[in-house]
Amino acid sequence: MNSTGAEADGTLGAFSVDSTVPGVVPRGFDAFLREWETRIGDGFPQPTYSPATIADFRVRSRVAKVRDVAITDVHGVSAVRTAGTPRGVEDQVRLYVVRRGAWALGGSRDRGEHTVSGGQFLLRHVGRPSHFETVPHTTAQVLVLPAAMLKPLLGNRVVTGSADSAEVRLLTAHSNMVHATMADLSPAGVEAAHSSLIELAKAVALRRFDDVEPRLAPALAQAAKDLADSQLADPDLSPPMLARELNVSVRTLQRAFATTGESATAYIRHRRLEEARLALTTPSGRLTVSELAAHWQFADSSHFIRAFKKHYGQTPTEYARSTRPADQAGRPRYDAPPERL
């Protein structure tokens, strides 16, 4: 990425490494460690890894640092395991959000081992280095956070729960926005991104967040969009359902979407239209216009056709014909009534 003022002074850092494709990154572990040391810095030391991990490091990862917060997204094709005798002192809070696979965390003198399975999260203060191990094909996000702001809320507690909880959804959505916007962040943007990361981590610790905090509105809107995207074909998908899943009022959700310039209802409608448009160009297993309308929860084919034409300037059949390969020009494609097209 291009250096910004914030990156140059160490406030920001980011990199991505993909060693899952043979030959693309000859020494995947070396590349990862080099980028980490260059982009992330001494405040976030890496542990000692096992020889087997170093020799077979097939991992796709992206890492971002915002001041004293580091965000690591990782998909490990191979297992990852630390080794040796951990030494030193750490004073950090770490959040593990595991979507797939499992992440085993070694214990210390005052606490036992923990395994974070797919679909779960774990938040805890780390005082001493400890071992960890992942199974192959583990997908997770790990946040390293400043202890000074979070340890008073945690003490010696280990907070665990569902990775789909409202608070974790919001923190994950915000972390993804940080990855996407880092290159363009101004100093004010860095401050907002950092403050929101801390506030949302506090929400995970407390199992609730301040739903009237304006800085959290973008994260709430993005979390709602992510949730909607995963359930577009669900007939129950609606702003009230999104609000319920994210543990906020419909009014709070509407205020969050207002910052994006689009209502929740409009977002659902245009995403369903977008998916229907993509389905019209699928080379195999094509649905009819009536089937598309039903699948994407439009009242009927007439309603779907009107909405599609208003959004794209063509009826579904016209759009499908305009994108059809020349050698298929004579083949019938959709069964919508001709008079409605």
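Parameters and conventions
- For every chain, the first residue of the written sequence is number 1, and numbering continues from 1 onward in sequence order.
- Restriction of local features to residues with pLDDT of at least 70 applies here, the model being predicted, together with a cutoff of 80 or more for giving and counting side-chain atom pairs; totals for whole chains, interfaces and linings are based on all residues.
- Hydrogens are left out, water is left out, and the side-chain values use all remaining heavy atoms of the structure.
- pLDDT runs from 0 to 100 and stands for how confident the predictor is about each residue.
- By definition in these notes, contact holds between two residues if any of their heavy atoms fall within 4.5 Å.
- Secondary structure elements are taken from DSSP: a helix is a run of H or I of four residues or more, a strand is a run of E of two residues or more, and numbering for both begins at the N terminus.
- Partly exposed describes any residue whose relative accessible area lies between the buried limit of under 20% and the exposed limit of over 50%, with all areas from a 1.4 Å probe on protein chains only and scaled to the type maximum.
- Lys and Arg are tallied as positive, Asp and Glu as negative. Neither His nor the chain termini are counted.
- Salt bridge, as used here, is a side-chain nitrogen of Lys or Arg placed within 4 Å of a carboxyl oxygen of Asp or Glu.
- When DSSP finds two or more bridges between two strands, those strands count as paired.
- Every axis corresponds to a line fitted to the C-alpha atoms, with the helix fit spanning only the stretch in contact, and the corresponding angles, defined between N-to-C directions, vary from 0 to 180 degrees.

### Let's talk about the confidence of the model for the chain
When pLDDT is averaged across the chain, the result is 88; 89% of the residues are at 70 or more. Here residues 1-5 is a poorly scored stretch, pLDDT under 50, and it has seven contacts once near neighbours within four places are set aside; other chains count. Scored below 50 in pLDDT, residues 329-341 shows 31 contacts in the model against residues more than four places distant or in partner chains.

### Regarding the side chain of Lys225
Within the element layout of this structure, Lys225 appears in helix H7 (residues 217-229). Here Lys225 sits buried without a salt bridge, and the closest side chain of opposite charge, Glu262, lies 4.8 Å off (N-O distance).

### Topic: the pattern of salt bridges
Across all of its chains, the model carries 14 salt bridges by this definition. Here Glu191 makes a salt bridge to Arg67, at a shortest N to O gap of 2.7 Å. One end of the pair, Glu191, is in helix H6 (residues 187-206); the other, Arg67, is in the loop between strand S2 (59-66) and strand S3 (69-76), with 124 residues separating them in the sequence. Of the residues examined, Arg67 reaches a relative accessible area of 35% and is grouped as partly exposed. Close ionic contact of Asp229 with Arg271 constitutes a salt bridge, the shortest N to O distance being 2.9 Å. Taken as a pair, Asp229 in helix H7 and Arg271 in helix H10 (residues 264-280) lie far apart in primary sequence, 42 residues in all. A relative accessible area of 31% places Asp229 in the partly exposed class. Taking the relative accessible area as the measure of exposure, Arg271 reaches 12% and is therefore buried. What emerges from the salt-bridge pattern is a single network uniting Asp229, Arg271, Glu274 and Glu275.

### Here's the deal with the sheet that holds strand S9 (residues 132-134)
Taken together, the four strands give an open sheet; going across it, the order is S4-S9-S6-S7, and neighbouring strands pair in antiparallel fashion. Pairing within the sheet leaves two strands with one partner each, and these edge strands are strand S4 (80-81) and strand S7 (114-117). Inspection of the sheet shows strand S6 (residues 102-105) paired to S9 by three bridges, in the antiparallel sense. Of the residues in S9, the one forming a bridge with Trp103 is Thr134.

### Thoughts on the sheet that holds strand S1 (residues 12-18)
The strand order across the open sheet built from seven strands is S1-S2-S3-S10-S5-S8-S11, with neighbouring strands paired in antiparallel fashion. Edge positions in the sheet fall to S1 and strand S11 (159-162), since each has one partner strand and no second. Between one strand axis and the next, the sheet turns by 10 degrees as a mean value, whatever way the strands run. Alignment of strand S5 (residues 92-100) against strand S10 (residues 138-146), held across eight bridges, turns out to be antiparallel. Note that in S10 the partner of Leu95 across the bridge is Leu143. Those strands touched by helix H2 (residues 28-40) are S1, S2 and S3, and its axis lies near 175 degrees from that of S1. Helix H4 (residues 147-154) contacts S5, strand S8 (120-126), S10 and S11 of the sheet and is inclined by roughly 100 degrees relative to S10.

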